[in-house]
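Chain by chain, the residues run as shown.
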Amino acid sequence: GTGYHDHNWCTKEMGQMLDHWWWAKGQVGPYMFISAHIVTAKKYGYTPVHFFMLSRDGKVVADDDEKVSFTTSGSEIDEHTGKPVPDAICFDYQDGDTRYTMSYLRQKTMVSQKILDFAKGWQKAVGEMIRYPGGYLRFEALVTLESYKGGQVVEHYESEGVFEQMYFGQKIDFEQ
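Everything numeric here is computed off the predicted structure, so don't read it as measured data.

Trainee: Mind showing me how you'd approach the overall build of the chain here?
Mentor: Secondary structure summary: the chain contains two helices and nine strands in total. In the chain, the succession of helices and strands from N to C terminus is α-β-β-β-β-β-β-β-α-β-β. For the chain, the proportion of its 176 residues judged to be buried stands at 40%. Put simply, the chain shows about 10,100 Å² of open surface, and 51% of that area lies on carbon and sulfur atoms.

See the structure below:
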């Protein structure tokens, strides 16, 4: 179905394990998708990890994360968080002569929050003193999916959608 639930049952704070991520889920044409580009914390080498699942008419057609590459294009600085935000993100899935590109073109910032916006008392004071960089952004986007066979576009769909950027650490590197 089109439902989604999100639970993070960890034995450590997410900020100890992760630096930042881009994440999206939704539907475009007959396809449903979940996509994420997650970058681990410094102590784990800022290692990028991809999650990508694409289904058509209820059948999974792409879900091997080893076949995914991630890119961003353009950027501007979000005034509230001070973080760079991409103009677009793209997941490219290549499996033999089958290829899917899923692009998210940022249209509007819907949410721009610093984690410190929600802190109070001593936690806020300490966070400000150490300049804790954590934050969350959510963007309205034009989602485009193209399906290729043998290098030729065989399907093209567009839809309104959403993607998010979450960061815990200092490093936001569009090269990753």
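Trainee: What's the story with the side chain of Asp-78 in this structure? I'm lost.
Mentor: Structurally, the position occupied by Asp-78 is in the loop between β5 (68-77) and β6 (84-95). No salt bridge is formed by the buried Asp-78; the nearest opposite charge belongs to Arg-106, separated by 7.4 Å. A polar atom in the side chain of Asp-78 sits 2.6 Å from the side chain of Ser-112. The contacts of Asp-78, once residues within four sequence positions are left out, are Lys-83, Val-85, Thr-109, Ser-112 and Leu-137.

Trainee: Explain the sheet that holds strand β2 (residues 31-40) here, please?
Mentor: Pairing within the open sheet is antiparallel, and its nine strands lie in the order β4-β3-β2-β1-β9-β8-β7-β6-β5. Of all strands in the sheet, those bounded by a partner on one side alone are β4 (59-62) and β5. Recorded for the sheet is a direction-independent mean angle of 20° between the axes of neighbouring strands. Taken together, the nine bridges between β2 and strand β3 (residues 48-56) define a ladder with antiparallel strand orientation. What sits directly across from Ser-35, in β3, is Phe-52.

Trainee: How should I be thinking about the nonpolar core in this particular structure?
Mentor: In globular proteins that are soluble, nonpolar side chains generally tend to be buried together. Phe-33, Phe-52, Leu-54, Phe-91, Met-102, Tyr-104 and Phe-163 are the most contacted members of the largest nonpolar core, which totals 24 residues. Contributing elements (two or more residues each) for this core: β1 (18-28), β2, β3, β5, β6, β7 (98-114), β8 (135-149) and β9 (152-167). The biggest single contributor to this core is β8, with five residues. Those residues within four positions of Phe-91 in sequence are excluded, and the remaining contacts are Ser-35, Ala-36, His-37, Phe-52, Val-68, Ser-69, Phe-70, Tyr-100, Thr-101, Met-102 and Tyr-104. Counting eight residues, the second-largest nonpolar core is a separate cluster that includes Leu-18, Trp-23, Ala-36 and Ile-38.

Here is what the cut-offs are and how they apply
- Residues numbered from 1 in each chain as written.
- Predicted model: local features only at pLDDT ≥ 70, side-chain atom pairs only at ≥ 80, totals over all residues.
- Heavy atoms only, no water.
- Helix = DSSP H or I, 4+ residues; strand = E, 2+ residues; numbered from the N terminus.
- Buried < 20%, exposed > 50% of the residue type's maximum accessible area, 1.4 Å probe, protein only.
- Areas by Shrake-Rupley, 256 points an atom, 1.4 Å probe, with all protein chains shown as cover.
- Lys, Arg positive; Asp, Glu negative; His and termini not counted.
- Salt bridge = Lys/Arg side-chain N within 4 Å of Asp/Glu carboxyl O.
- Polar contact = N/O pair within 3.5 Å; in protein donor to acceptor, adjacent residues only side chain to side chain.
- Contact = heavy atoms within 4.5 Å.
- Pairing = 2+ DSSP bridges.
- Axes fitted to C-alpha atoms, helices over the stretch in contact; angles between N-to-C directions.
- Core = buried A, V, L, I, M, F, W, Y, C linked by side-chain atoms within 4.5 Å.

No statement about biological role is implied by the geometric values presented.
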